[in-house]
Amino acid sequence: MVKAVVLGAAGGIGQPLSLLLKTCSLISELRLYDVVNTPGVASDLSHISSLAKITGYLPANDGLEKTLTGADIVVIPAGIPRKPGMTRDDLFKINAGIVRELVTGIAKFCPKAFVLIISNPVNSTVPIAAEVLKAHNVFDATRLFGVTTLDVVRASTFTAEIVGEKDSRKIVVPVVGGHSGETIVPLLSLAQPACKIPADKLDGLVHRIQFGGDEVVAAKDGSGSATLSMAFAAQGEKGIIEPTFVYLPGVPGGEEVSKALGGIDFFAVPVELGPNGVVKATNPFPAISDYEKKLLAVAIKDLSGNIAKGVEFAKTAK
Ligand code: NAD
Ligand code: LMR
């Protein structure tokens with residue numbers, strides 16, 4: 001049985017995600033934390049007849065400490081979302097500080113917890129989290145994840161539309177790299193089952209997977225970005241191999257993957273998960289197409305800058 005925490009629980013992702021976690025039979029205790037509204041969200045969810053005991057906390061009266069002490073899993077969707085015209089990197093100014101503050105709490109009060117970072121820009125917030133945990137001597141790369149599952153969910157949905165598969169859950173596409181624009185690299189050549197994408201549809205499909213987030217931002221027209229599909233993605237599926245954004249040098253098999261990618265430290269790759277976190281990072285790259293190799297080169301270049309920005313912030317900003 002698991003004690004789970006949502007930081008940013010009153011937000012657009014936080015609320016539906018907390019609802020899904022409240023009904024998950026693996027969770028015995030669910031603690032919600034936000035700078036606003038968590039007592040109300042927790043009260044509302046507490047009327048649901050399910051196993052998880054739920055409590056809500058605000059920053060006052062050591063709320064963060066009370067929320068985090070003893071937690072096994074911490075999911076972080078705290079921070080501002082995009083508006084039309086913004087990139088995820090535009091969120092760095094505000095969200096970098098929020099993530100640093102919350103992960104400092106994790107380092108102090110539940111240093112062994114699994115940490116799942118949803119707050120954007122994931123490409124930089126995960127490196128910030130790693131640096132904060134390192135500075136407190138509690139960093140374990142097998143327990144820190146940048147949540148990129150929404151890219152995998154989108155890849156299934158959009159690919160199914162193109163190949164005419166009615167049940168998109170049957171199509172699984174590994175998506176690697178980072179979580180923004182061209183750093184998102186869908187490996188359609190490795191889709192299971194194998195999918196024949198018509199040549200004239202390939203660029204459009206890749207673009208839609210890479211920029212699916214912008215579709216939602218535009219449709220929401222200023223009121224935020226994906227929340228419901230994100231909450232769905234964050235609840236996870238039962239499979240034990242999932243792409244997620246990890247610190248490669250710190251996870252088994254990661255050094256080899258990093259070497260294959262020219263030495264990059266953080267990358268989303270399919271990882272095998274076990275009860276203690278990452279069991280092994282897999283290396284899908286020897287089998288990818290020439291088309292995908294080109295996408296990968298662009299992703300690595302952009303992502304390296306995002307990673308360096310996060311590391312620099314964590315090391316220098318006060
Ligand atoms: P939102 O504004 O609806 O909710 C964010 C919540 O965070 C708010 O309730 C806010 O009060 C809270 N918050 C702000 N500062 C906080 C702090 N210091 N401590 C605790 N809580 C704090 O936004 P949203 O739509 O839920 O999106 C949240 C984040 O998730 C954004 O950065 C967004 O870009 C990102 N996101 C990531 C993915 C992904 O695939 N990784 C997908 C969708 C959205
Ligand atoms: C997404 O992919 O939907 C999220 O990262 C939110 C965004 O800003 O697009």
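What you are looking at is a predicted structure, and each value in this text was computed from that prediction instead of being measured. (Residues numbered from 1 in each chain as written. Chains lettered and ligands numbered in written order. Predicted model: local features only at pLDDT ≥ 70, side-chain atom pairs only at ≥ 80, totals over all residues. Heavy atoms only, no water.)

Digging into the confidence of the model for the protein chain
Point 1. When pLDDT is averaged across the protein chain, the result is 95; 98% of the residues are at 70 or more.
Point 2. Scoring the predicted complex yields pTM 0.96 and, for the interface, ipTM 0.99. (pLDDT = per-residue confidence, 0-100.)

A look at unusual backbone geometry
Point 1. The omega torsion across Asn 120 and Pro 121 is -5°, close enough to zero to call that bond cis.
Point 2. Tracing the backbone through its elements, the reader meets Pro 121 in the loop between strand S5 (114-117) and helix H5 (122-135).
Point 3. With an omega dihedral of -10°, the bond running from Gln 192 to Pro 193 counts as a cis peptide bond.
Point 4. Position of Pro 193 relative to the elements: it lies in the loop between strand S8 (184-186) and helix H7 (199-210).
Point 5. Even without being a glycine, Asn 137 presents a positive backbone phi close to 55°. (Helix = DSSP H or I, 4+ residues; strand = E, 2+ residues; numbered from the N terminus.)

As for the site of ligand 1
Point 1. Contacts to ligand 1 come from 30 residues, most closely from Gly 12, Ile 13, Asp 34, Ile 80 and Asn 120.
Point 2. Here an oxygen atom of ligand 1 and a side-chain polar atom of Asn 120 are 2.9 Å apart.
Point 3. Computed on the free molecule, ligand 1 has an accessible area of 860 Å², of which 87% lies beneath the protein chains in the complex.
Point 4. It is helix H4 (residues 92-109) that provides the largest number of residues to the shell around ligand 1, a total of four residues.
Point 5. When the residues that make up the shell around ligand 1 are grouped by side-chain class, the tally is 18 nonpolar, 10 polar and two charged. (Near = heavy atom within 4 Å. Polar contact = N/O pair within 3.5 Å; in protein donor to acceptor, adjacent residues only side chain to side chain. Areas by Shrake-Rupley, 256 points an atom, 1.4 Å probe, with all protein chains shown as cover. Nonpolar A, V, L, I, M, F, W, Y, C, P; charged D, E, K, R; others polar.)

Some points on the nonpolar core
In a soluble, globular protein the nonpolar side chains are often hidden away together inside.
Point 1. Counting 74 residues, the largest nonpolar core has Leu 7, Val 74, Ile 76, Phe 267 and Phe 285 as its most contacted members.
Point 2. Setting aside residues up to four positions removed in sequence, Leu 7 forms contacts with Tyr 33, Leu 64, Thr 67, Leu 68, Val 74, Val 75, Ile 76, Pro 77, Ala 78, Leu 102 and Ile 106. (Core = buried A, V, L, I, M, F, W, Y, C linked by side-chain atoms within 4.5 Å. Buried < 20%, exposed > 50% of the residue type's maximum accessible area, 1.4 Å probe, protein only. Contact = heavy atoms within 4.5 Å.)

Focus on the packing of helix H6 (residues 149-163) against H7
Point 1. Contact geometry for H6 and H7: axes closest at 9 Å, N-to-C directions at 150°. With respect to each other, H6 and H7 are oriented roughly antiparallel. Relative to H7, H6 is oriented so that their crossing is right-handed. Two secondary-structure elements touch here, H6 through Asp 151, Ala 155, Phe 158, Thr 159, Glu 161 and Ile 162 and H7 through Lys 201, Leu 205, Arg 208 and Ile 209.
Point 2. Among the residues making up the contact of H6 with H7, the classes are represented as five nonpolar, one polar and four charged. (Axes fitted to C-alpha atoms, helices over the stretch in contact; angles between N-to-C directions. Parallel < 35°, antiparallel > 145°, perpendicular 65-115°, else oblique. Left-handed = near helix turned anticlockwise from the far one by under 90°.)

Quick look at the site of ligand 2
Point 1. Near ligand 2, the surroundings consist of Arg 82, Arg 88, Asn 120, Leu 150, Arg 154, His 179, Gly 213, Ser 225 and Ala 226.
Point 2. Within the contact set of ligand 2, an oxygen atom lies 2.6 Å away from a side-chain nitrogen or oxygen of Arg 82.
Point 3. Arg 88 places a side-chain nitrogen or oxygen 2.8 Å from an oxygen atom of ligand 2.
Point 4. Protein coverage of the free-state accessible area of ligand 2, which is 260 Å², stands at 96%.
Point 5. Its residues placed into classes, the shell around ligand 2 shows two nonpolar, four polar and three charged.

Things to note about the side chain of Thr 227
Point 1. Residue placement: Thr 227 occurs in the loop between helix H8 (212-220) and helix H9 (228-235).
Point 2. Thr 227 sits in the buried class, given a relative accessible area of 16%.
Point 3. Here Lys 220 takes part through its side chain, which lies 3.1 Å from a polar atom of the side chain of Thr 227.
Point 4. Apart from the residues lying within four places of it in its own chain, the contact partners of Thr 227 are Gly 12, Ile 13, Pro 16 and Lys 220.

Let's talk about the pattern of salt bridges
Point 1. Enumeration over the complete set of coordinates arrives at nine salt bridges.
Point 2. Among the ionic pairs, Glu 161 bridges to Arg 208, the shortest N-O distance being 3.1 Å. Here Glu 161 is found in helix H6, whereas its partner Arg 208 is found in helix H7, with 47 residues between them in sequence.
Point 3. A relative accessible area of 53% means that Glu 161 is categorised as exposed.
Point 4. The residue Arg 208 makes a salt bridge to Glu 215 at a minimum N-O spacing of 2.7 Å.
Point 5. Connected through salt bridges with shared partners, the residues Glu 161, Arg 208 and Glu 215 form a single ionic network. (Salt bridge = Lys/Arg side-chain N within 4 Å of Asp/Glu carboxyl O.)

Notes on H7
Point 1. Its 12 residues place the ends of H7 18 Å apart at the C-alpha level, agreeing with the 16 Å of an ideal helix rising 1.5 Å per residue.
Point 2. By the burial criterion, the buried members of H7 are Leu 205, Val 206, Ile 209 and Gln 210. In an axial view of H7, the angular spread of the buried residues amounts to 125°, which keeps them on one side of the axis. Opposite the buried face of H7, by more than 90 degrees, sit the exposed residues Asp 200 and Asp 203.
Point 3. Contacts made by the buried residues of H7 are with H6, S8, H8 and helix H11 (290-316). (Expected span 1.5 Å × (residues − 1). Arc of directions from axis to C-beta.)

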